[in-house]
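A look at the structure
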Amino acid sequence: MNISYRWLQSLAPDLEGTPDALAERLTALGFPVEDIQRLSEGLDGIVVAKVTEVRPHPNADRLRVCQVDGGAGIVQVVCGAPNVEAGAWYPLAPVGATLPGGMQIRKAKLRGEVSEGMLCSEIELGLGRGKDGLMELRLDPADPSVQPGAPLVGTLGLDDVRLDVEVTSNRPDLLSHRGIARELAKGGDASLVEPPVPGGASQALEGGQAGEGAEGGLPAEAGPAAGGGEPGVAVRIEDLERCPRYLGLVIRGIRVGPSPAWLQARLRAVGARPINNVVDVTNYVLLETGQPLHAFDLARIGGGEIVVRRARDGETLRTLDGVERKLTPDMLAICDADTPLAVAGVMGGEASEVSAGTTDILLECALFAPGPIRATRKALGLSTDASYRFERGVDPDGLERALRRCADLVVATAGGTPEGPVLDAGAARSDRPRVPLRIPRIARLLGIPFDADQVRGLLTPLGFGVEQHDAEMLEVEVPGWRSWDVTREVDLIEEIARRHGYDRFPDALAPYRPGTVPDHPLFALEDGLRSFLSGRGLLEAQTPAFAPRGEGEVAVMNPVSAEEGWLRSALVPALLRRVEYNLARGNRDVRLFELGTVFRSSAEAGALPSERTHLALVLHGSRAPGHWTGDAGAVDAWELKGLTEAIGGLVPGDAAGGTAAHATANGHAVRPLAGGGSAPGFVAGEVFEVVDATGAVVGTGGRVDPARLDLPPWAGAVWGLEITLPVEPAPRPIPRVRSLPTHPGVERDLALLVPDPLPAAKVVALARSNGGSLLRGVEIFDVYMGKGVEPGMRSIAIRLRFRADGRSLTDTEVDGAMEQVTRALREEIGVRIRGG
Amino acid sequence: MSGTQSLIDALHALGDEALSAVSDASGPGELETVRVRYLGRKEGRISGVLRRVGEIPAEDRPALGAEANRVKAALEEALDARAGEFAGTGSGNEAGPAAPVRDRTGSSPAGDGGQGPGTRRGVLDLTLPGRTTFPGGRHPITLVVDELWEIFRGMGFTRARGPEAETEWYNFEALNTPLDHPAADEQDTLYLKGGNLLRSHTSPVQVRVMQDHEPPIRILAPGMVYRRDTYDPTHAPAFLQLEGLVVDEGISFVDLKATLAEFARRYWGPGTQIRFRPSFFPFTEPSAEVDVKRVYTDEDGVERETDWLEIMGAGMVDPAVFEACGIDPERYTGFAFGMGPGRIGMLKYGIPDIRAFFENDVRFLSQFADR
């Protein structure tokens, strides 16, 4: 919301402080000022000028050669703007002047034509975004101060400061100068005045300057109209829920033309564009009071009646912005006897717009319910100053005042006479809402006590009426402009805290009771995994949960982009894209992991998708950074398997799995896919599953199918792993310490010739199960194939460790056990001792 | 003196050369050749150096002689040891071990005087780089979350989590945000089928925790949230948020201010100033924006202040939220707050563009490694 400093001053005579000081106070009150703009800044040398002649440029299609009266005789200016017209007024930067952007104007020749100065747009003057082209000055020729060469700042009243105030959505009352002035004025609401109209000679205005309650030029509702005539139009509301009240006033005999300078200055100061006196006045009153108003050309209202009703199927309306709108029965329309004239509370129609030839108007000042306005605004994709206020809520008690103010200003600026009584359909609110306020409750919520006098002192200036019932109970009457956000006790308490000043509350830390919510164990598991993987030289990645089609089951209905139309059901695909991204930038060694949520569609219609937390990792490049002693070689299956087994050891069972077996299923194992099998996305035979201790498959890892990847030719194998983590990790068992051996053990090595199809694990398992009670461990320390080993065989060397508790072993015992092992290997799976 | 020193240096150089010739010798015959070349009385190169003793002052001569004896003794010891090796392997001929193998460890085993490419004059060349591992570490946003959690843990908080896909009720209505209120628009929401949505803030976790647990409640809920924002330097459609909730009897606005001020001083340092500004959130009342002003010391050692930095939203839990969760607002009061670890991280680490968090360039991530 743009606020004019001068406008605020005219509303609140006791207002103190510079624009910067006011901005600081507004920020402390909860309405940060995002920008403070001194409108006259850099405009010293700019003057008002009249273009007397426009002709085409002989050497350029887009340029025009203009003769311009800039006060110091006629000068020639070459201009590129499409909207330059002879007879119109524009800002001129004469030779020697400097624009706010720092550009200095010099005499120049543009394609052979002399140009002495520059006609300016709003953008060039730093006055707003504006439309394309020059800033058109619709000056009143009758105003004696309008002279070529007059300083622009003075003529347009730009000696002002614009504050851009951020207003929260609960405070529609602050979408007006009156509302902001009420917050800032020392004397509060009661001290505000209705600014007199500068140079307003109209008798219709005499009373209007007196302030609240004065009726001014507006005829009393029941009494005879000032002009004595009949309004000639009636108002009927068909949907009282959506339009509780509609006031109308006919004014006849107006003359449409440019607004007086003071009015244009006010509008410009807040960035609004002056159009004509009638439209400008309705905008002015909206910006002053927050009440949107609309003026219809009375001649375009057919059948002598205004009907507030739902639009009918098939009805259309060309709105003021020139767009043909399809209306639906969900929308409220302001209609004449036959057709819609306006979308209620959003925008008027082009056909009934006030234009140069309009002589009689109907002023509309109505109240519309917020929800439906919001729905209509969204359906039409059309947000206006009016809809913005109606959907947040306008003061239900402020209609009469706004209409009177508007009528006064129309008469003062465009002449004419109000005719007939105010047309009043619907009903005014009977009473202002009253909200009970318990004094002790204030201290309970805010932490410091407030008594009745303090409450009164804080709330009364904002227009609240505070009444004391007993020592502990107050009743607060809420003014209309706050009836939308103050409906409960807590709303009043917030108002007390805000007006007291948040910074005046102490911040002493008090003792607290511990909470009843246990720390969710998944956080600790994630933390442990992060520490482990960081220590193993992996970097944590974070990728958004959005995935392209094919990588998810759950669709986003209104995605940011088509590539992000689904929610991922796995993490590895996005990590692979990160591998591609890094390799494309020459980062050869890519070791990433991610902990994140994946989504699967729920079987039950309408239910939330099921969510799980996954751990995924991807590896590409060397196993260790290069070193002058020799390189470590590329990442291989054994690194991935080792990492996976270590991760598996860190992941406990799932307390949310439903059974005791789940909860105690600590540790995960890696299992090759049966028969060198395949899994989607991985290279067949180079992929394994991760199973938890209940035997359920919880993950897959292996070499990523190169067909999935878009990598440079030098890229090597990419390895990937994805594991589903427990929903609620069970506590990990506490390790029980074993006493250390007192006597040394014995190690024996066996070099075995193993038929090729036999898996190594089978050899180890058989050795283990036949080694007797003294065998404490079996490990593979060498695997060899090639020269010296017959084809169809692998040489696998295993080391067996024997030990007895509390004594030393004898050779005979160990020899016996070795004999058992070798016999079992030979007889059960056909494994022979090498060289034996 | 310089003449003396250059002779001593020459002696050492010869000694090094001879020692490496000994270790390269492939058999006893070659070993004998080395002995004659360096220690031989007439042609021996060390003897050659000693013959130049006349070039140096008389008082320096005993020192040179002693140095020469040390070099000779070391060489003789090496020759004997090497000869013993050849005798032990039984290799009596010149074939011996195959051509010298490149020493993959870069240095010989400790204590043997030091040989191989990693040594210089018999000792390790410790200017060579050590062996490294790849940098590993947490994502910068995780680093921030962990730091924040550490502080709140010290203030008695525990962590809670909730689903990222939510219902309209949990995301809006239970949080006192009617669906037709403009406040529901301000967070442009991503919708799923059946009226479900991706949570636009972590506040639904408040509701779920309050439904499931009796006060006192002191929780922190870090989690991803989603908005229909396109990527730009300060926006992303998915980002991390960290929510806090405290509910008990007697919790007041003063406790809210005290808790967050204490947090800010612990995180940004004791000189940190905190500013509370009134604001509006449908699910808290009174509501506040919290700004901090940090004090830091610049490169010239001058103490400076930052501007006010907006770091979180906070407020007292609205009674309507308590009612939606089945908690008696007359008995219990509470406060809630929410902040963006990503934004805090951008300020802290000087990251200019939020998209760096999602690109996961290893050159970016590794700057946060091992922290």
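Attention shifts here to the interface of chain A and chain B. Facing the 98 residues of chain A at the interface are 107 residues of chain B. Here chain A packs against chain B, burying approximately 8,500 Å² in sum over the two surfaces, 55% of which is carbon and sulfur. Per-residue buried area on chain A facing chain B is highest for Tyr502, Gln542 and Trp628 of chain A; these three make up 9% of the total on that side. In this structure, the connection of chain A to chain B is made through seven salt bridges. A salt bridge links Asp527 of chain A to Arg138 of chain B; the nearest nitrogen and oxygen atoms lie 2.8 Å apart. At the junction of chain A and chain B, the tally comes to 50 residue pairs in polar contact (both at pLDDT 80 or more).

Right, let's talk about the packing of helix 10 (residues 439–446) of chain A against helix 12 (residues 489–500) of chain A for a bit. When two helices pack together, their arrangement is given by the angle between the helix axes and the distance between those axes. Residues and elements named next belong to chain A. At their nearest, the axes of helix 10 and helix 12 sit 10 Å apart, and the two run at 65° to each other. The angle between helix 10 and helix 12 falls in the class roughly perpendicular. Crossing geometry of helix 10 relative to helix 12 is assigned as right-handed. Side by side, helix 10 and helix 12 meet where Arg441, Ile442, Leu445 and Leu446 of the first sit next to Glu489, Val490, Ile493, Ile496 and Ala497 of the second. Tallied by class, residues from the contact of helix 10 with helix 12 come to seven nonpolar, no polar and two charged.

Our next topic: the confidence of the model for chain A. Here chain A averages 90 in pLDDT, and 95% of its residues register 70 or above. Across residues 200–227 of chain A, where pLDDT falls below 50, the model places 51 contacts with residues more than four positions away in sequence or in other chains.

A word on the pattern of salt bridges. Counted under the stated rule, the structure contains 77 salt bridges over all chains. With a closest N to O distance of 3.4 Å, Glu122 of chain A and Arg273 of chain A form a salt bridge. Residue Glu122 of chain A is found in the loop between strand 9 (118–119) and helix 3 (152–155), and its partner Arg273 of chain A is found in the loop between helix 5 (261–269) and helix 6 (277–289); the two are separated by 151 residues along the sequence. Using a relative accessible area of 15% as the deciding quantity, one classes Glu122 of chain A as buried. For Arg488 of chain A, the salt bridge goes to Glu285 of chain B, with nearest N and O atoms at 3.0 Å.

Residue and element names in this part refer to chain A. Spatially, 36-37-35-38 is the arrangement adopted by the four strands of the open sheet, whose pairing is antiparallel. With one partner strand each, in any of the chains shown, strand 36 (775–784) and strand 38 (832–833) form the two edges of the open sheet. As judged from the eight bridges shared by strand 36 and strand 37 (residues 793–802), these two strands associate in the antiparallel manner. Bridge assignment links Val778 to a residue of strand 37, and that residue is Leu800. Contacts from helix 17 (residues 760–770) reach strand 35 (746–755), strand 36 and strand 37 within the one sheet, and its direction differs from that of strand 36 by about 150°. Contacts from helix 18 (residues 811–829) reach strand 35, strand 37 and strand 38 within the one sheet, and its direction differs from that of strand 35 by about 10°.

Thresholds applied
Residues numbered from 1 in each chain as written. Chains lettered and ligands numbered in written order. Predicted model: local features only at pLDDT ≥ 70, side-chain atom pairs only at ≥ 80, totals over all residues. Heavy atoms only, no water. Contact = heavy atoms within 4.5 Å. Buried area = accessible area lost by both parts, 1.4 Å probe. Salt bridge = Lys/Arg side-chain N within 4 Å of Asp/Glu carboxyl O. Polar contact = N/O pair within 3.5 Å; in protein donor to acceptor, adjacent residues only side chain to side chain. Axes fitted to C-alpha atoms, helices over the stretch in contact; angles between N-to-C directions. Helix = DSSP H or I, 4+ residues; strand = E, 2+ residues; numbered from the N terminus. Parallel < 35°, antiparallel > 145°, perpendicular 65-115°, else oblique. Left-handed = near helix turned anticlockwise from the far one by under 90°. Nonpolar A, V, L, I, M, F, W, Y, C, P; charged D, E, K, R; others polar. pLDDT = per-residue confidence, 0-100. Buried < 20%, exposed > 50% of the residue type's maximum accessible area, 1.4 Å probe, protein only. Pairing = 2+ DSSP bridges.

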